[in-house]
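So you can see what is in the structure, the chains are spelled out below.
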Amino acid sequence: MTARDKWINWSLFVLLALIWGSSFILMKIGRTQLNGMQIGSIRILSAGLVFAPFALFHFRHIPRARLPLIFVSGLLGNLLPAFCFAAAIDKIDSSLEGILNSLTPLFVIVVGALFFGMKLERMKVAGVLVGFIGLLLLSLYSGFNAANFGFAALVLLATLFYGINVNLVNRYLRGLNAVQMATVSLTMVAVPAAIVAVQQDVFSILRYDSGARTAIGASALLGVVGSAIATALFYLLIKRSGPLFASLVTYAIPVVAILWGLLDGEAITWVQVGCLGVILGGVYLVNKKS
């Protein structure tokens, strides 16, 4: 690999970390005027509209029998997590959502072992245990009350959806072109997102409430950049550098989320930073080769 290739790969890595790490603060901006259902529908609808022209071209290259699974992948990998994250941001700091999101690789391993026959090595088991210890410590020291813990559970549910989706794609959709799947799946789930947007009066708000346009713009930016463009960049990074290097972006996302939280006046404690370190230590063990 040339120096130029390394520079491009690291540039993509940093750009993805900035985009995904900033998604939580964009949700927080959207939450000032919108509810979680509205933010989630705007996010996915915007991403689907961006990808629609490409999906029309890629649709014919995907076997018809795989389309239902691709739709399910879109639900688990984009639509449902978008609603979970947006609903939780009202009660949980954006920085804390970023920390909880770092548990995604651990759920990939747990779901894979329980339901997809993945063989667990000792290092991966240790990583899962360390990660959940970090989660437990974070729950104990972050001052959750009973109501807020339910909102944190929504974030964990989103990471569980991610874990199921990764295993689903790896088992049943592995032979398909990743970019084609991304464009088609996001465009397909834009349909139910549009239905939710209509039901939630998003288009009426856009027309009549000028005060909410900033929140709507932040949610649309979240979809266009955080879902559509970032997905394309991520698959490009996988193609250029391989899945191992690309997966390490998980380490950087919560760091960016914490920095945005500090800039927005959120209280970040050293205990939370320490818990993040424990969680990322577990993620490192999961990804470490034996």
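Reading guide: rules and limits
Residues numbered from 1 in each chain as written. Predicted model: local features only at pLDDT ≥ 70, side-chain atom pairs only at ≥ 80, totals over all residues. Heavy atoms only, no water. UniProt positions renumbered as here; feature names shortened; annotations may be inferred. Helix = DSSP H or I, 4+ residues; strand = E, 2+ residues; numbered from the N terminus. Expected span 1.5 Å × (residues − 1). Bend = angle between axes of the 7 residues up to and from the residue. Patch = residues over 30% accessible without salt bridge, like charges linked within 9 Å, V, L, I, M, F, W, Y side chains within 5 Å. Areas by Shrake-Rupley, 256 points an atom, 1.4 Å probe, with all protein chains shown as cover. Salt bridge = Lys/Arg side-chain N within 4 Å of Asp/Glu carboxyl O. Buried < 20%, exposed > 50% of the residue type's maximum accessible area, 1.4 Å probe, protein only. Contact = heavy atoms within 4.5 Å.

- The name an unreviewed UniProt entry gives the chain is DMT family transporter, with Flaviaesturariibacter flavus as the organism.
- The Sequence similarities (unreviewed entry) field of the UniProt record for the chain holds the comment "Belongs to the EamA transporter family."
- On record in UniProt, under Subcellular location (unreviewed entry), the comment for the chain is "Membrane".

### Regarding helix α3 (residues 67-88)
For an α-helix, 3.6 residues make a turn, and residues three or four places apart therefore share a direction.
Thinking step 1. Here α3 is 22 residues long and its end C-alpha atoms lie 30 Å apart, about the 32 Å a rise of 1.5 Å per residue gives.
Thinking step 2. Where α3 bends most, the angle comes to about 40 degrees, and this point is leucine 75.

### Notes on helix α1 (residues 3-30)
Thinking step 1. The terminal C-alpha atoms of α1 lie 40 Å apart, and with 28 residues this matches the ideal 40 Å at 1.5 Å per residue to within 8%.
Thinking step 2. The largest bend along α1 reaches roughly 35 degrees and is located at serine 23.

### Some words on a nonpolar patch on the surface
Thinking step 1. Nonpolar side chains collect at one region of the surface, where Leu136, Leu140, Tyr141 and Val271 lie side by side and expose about 440 Å² of accessible area between them.
Thinking step 2. Of all the elements, helix α6 (residues 122-141) adds the most residues to the nonpolar patch, at three residues.
Thinking step 3. Note that tyrosine 141 resides in helix α6.
Thinking step 4. With relative accessibility at 55%, the residue tyrosine 141 sits in the exposed group.

### Focus: the pattern of salt bridges
Thinking step 1. This structure, assessed with the given rule, holds three salt bridges.
Thinking step 2. Note that aspartate 5 is salt-bridged to arginine 240, the shortest N-O span being 3.2 Å. In this pair, aspartate 5 sits in helix α1 while arginine 240 sits in helix α10 (residues 213-241), placing the two residues 235 residues apart along the sequence.
Thinking step 3. Among the ionic pairs, lysine 28 bridges to aspartate 264, the shortest N-O distance being 2.7 Å. Placement of the pair is lysine 28 in helix α1 and aspartate 264 in the loop between α12 (249-263) and α13 (270-287), with a sequence separation of 236 residues.
Thinking step 4. Among the residues examined, lysine 28 registers a relative accessible area of 24% and is labelled partly exposed.
Thinking step 5. Residue aspartate 264 is classed as partly exposed on the basis of its relative accessible area, which comes to 41%.
Thinking step 6. A cluster of three or more residues bridged by salt bridges with shared partners is formed by Lys28, Asp264 and Glu266.

### A word on the side chain of serine 73
Thinking step 1. Of note, serine 73 is situated in helix α3.
Thinking step 2. Overall, serine 73 belongs to the buried group, its relative accessible area being 11%.
Thinking step 3. Once you skip the residues sitting within four places of it in the chain, serine 73 turns out to touch Asn78, Asn165, Leu168, Val169 and Leu173.

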